[in-house]
Amino acid sequence: MKFDELFIKTIRTLSVDMVERAGSGHLGMPLGSAPMAYELFKNHIKINPEDTEWFDRDRFIFSSGHGTPLLYSLYHLFGYNIKIDDIKNYRQLGSITPGHPESYITDGVDATTGPLGQGFAMAVGFAIAEMHLAALYNKDDIDIINHKTYVICGDGDLMEGVALESASIAGRLGLNKLVVLYDSNDVVLDGNVIDSTNDDIKKKFESMGWNYLFVKDGENIEEVGKAINEADASEKPTIIEVKNIIGFGTLDAGTNNAHSDPLGEEGIKYLREQIKWEYLDEFYVPDEIKDFSKEYLSYSNKKYEEWLEKKKKYSEKYPEEYKRLFEYKELLNNLDFSKFHKFEKEVPIRVASEDVLNFIYDEVGMLIGGSADLSKSNKTKIRSCGYFSKENPSNSNIAYGVREFGMACITNGIALHGGLIPYASTFLVFSEYMKSAIRHSALQKINPIYIFTHDSLSIGPDGPTHQPIEQLASLRAIPDIDVIRPADANEVIYSWKYAVNNDKPTVLINARQELPIMYDSSYDKFIKGAYVVKENENYDATVISTGSEVSLSLEVANSLTKEGINIRVINMPSWEIFESQDKEYKLSIIDNTKPVFSVEAASGFGWERYTKETENVICINEFGESGNGAKLYSERGFNIENISNRIKNILNK
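Residues numbered from 1 in each chain as written. Predicted model: local features only at pLDDT ≥ 70, side-chain atom pairs only at ≥ 80, totals over all residues. Heavy atoms only, no water.

1. A few points about the overall build of the protein chain
Okay, so step 1: From N to C terminus, the protein chain includes 26 helices and 20 strands.
Okay, so step 2: In terms of C-alpha radius of gyration, the protein chain reaches 28 Å, essentially the compact-globule figure of 26 Å for 653 residues.
Okay, so step 3: Taking the principal axes of the C-alpha coordinates as reference, the protein chain spans close to 95 × 60 × 45 Å.
Okay, so step 4: Residues counted as buried form 61% of the 653 residues belonging to the protein chain.
Okay, so step 5: In the protein chain, of all internal contacts separated by at least 6 residues, the share reaching a separation of at least 24 is 77%.
Okay, so step 6: As displayed, the protein chain has an accessible area near 25700 Å², and 46% of this comes from carbon and sulfur atoms.
Okay, so step 7: Where the 70 positive side-chain charges of the protein chain centre and where its 99 negative ones centre are 3 Å apart. (Helix = DSSP H or I, 4+ residues; strand = E, 2+ residues; numbered from the N terminus. Rg over C-alpha atoms; globule rule 2.2 N^0.38 Å. Buried < 20%, exposed > 50% of the residue type's maximum accessible area, 1.4 Å probe, protein only. Contact = heavy atoms within 4.5 Å. Areas by Shrake-Rupley, 256 points an atom, 1.4 Å probe, with all protein chains shown as cover. Lys, Arg positive; Asp, Glu negative; His and termini not counted. Charge placed at Lys NZ, Arg CZ, Asp CG, Glu CD.)

Take a look at the structure:
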């Protein structure tokens with residue numbers, strides 16, 4: 001038996017045994033795609049399984065995330081830190097071989113995938129990061145960054161709109177180091193692809209500026225290899241359509257019944273006969289394959305050591321660039337924000353944000369991002385450079401067009417790649433398009449920055465389609481992100497300082513309008529998540545507010561003081577940061593022995609955790625309407641008189 005054939009059979013039988021042992025799993029894709037994945041890993045991809053964080057490794061994005069038996073079999077056989085016991089523990093609690101790939105759990109997984117289309121889209125972000133960093137840091141004598149991004153995706157991925165949003169961007173940007181192996185097996189879970197889709201993939205991708213290649217038989221690894229070589233030499237991103245048979249070798253091969261689930265004893269016997277697998281032991285790996293793993297590690301280490309030597313020379317010859325590339329987190333941590341002037345008068349929050357963004361970029365670089373065709377409104381433009389393109393890859397503004405979901409996924413890819421702090425922006429109401437990707441940011445424990453402007457009814461004439469109500473509550477409901485709504489321009493400075501040093505995703509909620517300056521604010525107060533902005537020793541009640549409602553709450557407190565009612569006002573820029581404080585501090589801020597009110601021009605969902613009483617939540621739980629923003633804001637109850645009366649009525653009960 002030829003070695004290549006033996007290796008592919010080993011991948012297939014390991015995949016079968018994993019799903020059988022687990023009692024569940026998606027087996028069809030691994031059985032069909034094993035040959036092309038093997039060819040990619042054996043003869044093309046540049047990796048070092050012993051250092052999966054190697055900065056100049058090729059990135060591999062397994063967009064068909066449900067097919068993890070293939071991924072884990074590959075990683076085990078090519079020497080990654082996935083042992084045979086991990087393979088046997090597939091899909092079990094606490095294992096490093098979960099049902100879908102998770103970048104923060106399994107060594108060597110470059111991106112968490114599973115929600116179809118998002119892996120493809122994140123891969124575009126990886127390719128952007130590589131091209132941008134290469135343009136910034138490569139020298140005539142040392143190319144410190146020179147790697148590719150390889151993807152395996154399936155029919156389901158390419159049905160998702162987010163994949164096509166991102167593919168369009170990749171084609172426009174000419175990301176020639178992006179290579180997609182498309183597992184084209186004509187089958188999806190519910191039936192045949194043709195039942196729902198009759199797209200011409202070749203015409204579709206060529207029209208978006210891609211190179212298209214076709215391999216008619218996925219079992220022919222020589223043809224697969226030729227196609228990958230051609231793709232590697234292309235001046236465009238490349239998609240290689242490889243015709244595979246889902247569930248290869250099974251009784252249901254080529255049908256949707258092969259998509260998932262164990263084969264059972266008879267099914268396994270049939271597959272072994274079909275592929276001529278003579279070994280009866282479960283999870284069996286022939287000695288020839290084990291020996292190859294050792295040889296492969298030796299081969300990959302040679303490339304790795306050559307790069308380490310290159311890196312050493314680079315650090316000696318170009319120390320400043322070296323620091324920016326490899327020690328950027330330290331540079332950001334040490335950035336002196338006192339160089340940036342504190343705001344002394346009212347400034348629109350979104351304008352202040354753009355000023356701070358540009359200060360950071362001018363001081364240390366490292367930021368890259370853009371808006372979904374709203375940079376003039378969101379104020380997210382880096383002023384000292386133009387748009388990133390194949391012709392100008394060192395530029396740091398990305399023209400995403402009206403593609404919110406694609407933008408967010410690409411931002412995740414850039415963050416996962418490393419070396420940069422990416423940001424993405426749109427109106428707050430349009431964060432709905434991005435919610436799955438933001439959740440994915442949190443799940444992957446990465447730190448992109450999301451900037452959402454036009455944060456309340458006060459935007460007025462655009463009407464309820466553009467006026468956010470429930471968005472703040474839904475963003476706060478996502479675990480492991482920090483949502484920040486600054487109350488004045490100086491809190492914008494603190495927000496950015498926090499965000500660029502955060503180890504989690506940060507969501508900045510920036511008002512469109514000017515807000516009064518709170519002269520007693522400071523970063524030390526801000527990073528507590530909530531702090532007192534108006535103290536009253538003998539207070540009758542506490543009012544907590546965020547963003548543009550902080551200044552309104554202060555006016556309410558001053559008005560009530562004239563009536564003999566003492567109000568303590570708390571500014572809470574971030575629930576999440578506040579909740580991370582110790583119990584003693586939280587009790588010093590939220591005193592529930594007296595009435596506590598919340599004031600925020602958005603859905604009241606969740607505020608009861610602080611007010612304890614629903615009636616104490618002053619909010620907006622209905623859609624807005626088109627008209628003058630200030631008038632609408634007041635009509636919906638956000639004025640001094642109405643809020644004062646609400647507080648008095650409850651205190652007088």
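2. Some words on the packing of helix H1 (residues 3-22) against helix H3 (residues 68-77)
Okay, so step 1: Running from N to C, H1 and H3 point in directions that differ by 125 degrees, and their axes come no closer than 9 Å. What the angle tells us is that H1 and H3 run oblique. The two elements H1 and H3 meet at a crossing, and its hand is right-handed. Each of Phe7, Thr10, Ile11, Leu14, Ser15, Met18 and Val19 in H1 lies in contact with H3, whose residues at this interface are Pro69, Leu70, Tyr72, Ser73, Leu74, His76 and Leu77.
Okay, so step 2: Grouping the constituent residues of the contact of H1 with H3 by class yields ten nonpolar, four polar and no charged. (Axes fitted to C-alpha atoms, helices over the stretch in contact; angles between N-to-C directions. Parallel < 35°, antiparallel > 145°, perpendicular 65-115°, else oblique. Left-handed = near helix turned anticlockwise from the far one by under 90°. Nonpolar A, V, L, I, M, F, W, Y, C, P; charged D, E, K, R; others polar.)

3. Focus: a negative patch on the surface
Okay, so step 1: On the surface, Asp287, Glu288, Asp291 and Glu295 cluster together to form a negatively charged patch.
Okay, so step 2: Tracing the sequence through the fold places Asp287 in helix H11 (residues 287-317). (Patch = residues over 30% accessible without salt bridge, like charges linked within 9 Å, V, L, I, M, F, W, Y side chains within 5 Å. Salt bridge = Lys/Arg side-chain N within 4 Å of Asp/Glu carboxyl O.)

4. A closer look at the side chain of Asp157
Okay, so step 1: Along the chain, Asp157 falls in helix H6 (residues 155-159).
Okay, so step 2: No salt bridge is formed by the buried Asp157. Its closest oppositely charged neighbour is Lys204, at 13 Å.
Okay, so step 3: Separated by 2.8 Å, the side chains of Asp157 and Ser63 make a polar contact.
Okay, so step 4: Reaching out from Asp157, the side chain makes a polar contact with the side chain of Ser64 at a distance of 3.5 Å.
Okay, so step 5: Beyond its immediate sequence surroundings of up to four residues, Asp157 is in contact with Ser63, Ser64, Leu116, Gly117 and Ala163. (Polar contact = N/O pair within 3.5 Å; in protein donor to acceptor, adjacent residues only side chain to side chain.)

5. Concerning the sheet that holds strand S20 (residues 617-618)
Okay, so step 1: With mixed pairing, the five strands of this open sheet are ordered in space as S16-S18-S17-S19-S20. Bordering the open sheet on either side are strand S16 (531-534) and S20, each of which pairs with just one other strand.
Okay, so step 2: Across the sheet, helix H26 (residues 640-651) touches strand S17 (541-545), strand S18 (567-571), strand S19 (596-599) and S20, and the angle it forms with S19 is around 160 degrees. (Pairing = 2+ DSSP bridges.)

6. Quick look at the domain arrangement of the protein chain
By convention, interface size is frequently given as the accessible area that disappears when the constituent parts associate.
Okay, so step 1: Taken domain by domain, the protein chain comprises domain 1 (3-301), domain 2 (331-515) and domain 3 (528-652).
Okay, so step 2: On a C-alpha basis, the centroid separation for the pair domain 2 and domain 3 is 26 Å.
Okay, so step 3: Listed per partner, the contact involves 24 residues of domain 2 and 29 residues of domain 3.
Okay, so step 4: The largest contributions to the domain 2 side of the interface with domain 3 come from Ile469, Arg476 and Arg485, which together make up 31% of the buried area.
Okay, so step 5: Taken together, domain 2 and domain 3 are joined by three salt bridges.
Okay, so step 6: Among the salt bridges present, the one from Arg476 reaches Glu600, with a minimum N-O distance of 2.8 Å.
Okay, so step 7: There are 13 residue pairs in polar contact (both at pLDDT 80 or more) connecting domain 2 and domain 3.
Okay, so step 8: Looking at side-chain class alone, the side of domain 2 that touches domain 3 contains 13 nonpolar, six polar and five charged residues. (Domains from an automatic or database assignment. Buried area = accessible area lost by both parts, 1.4 Å probe.)

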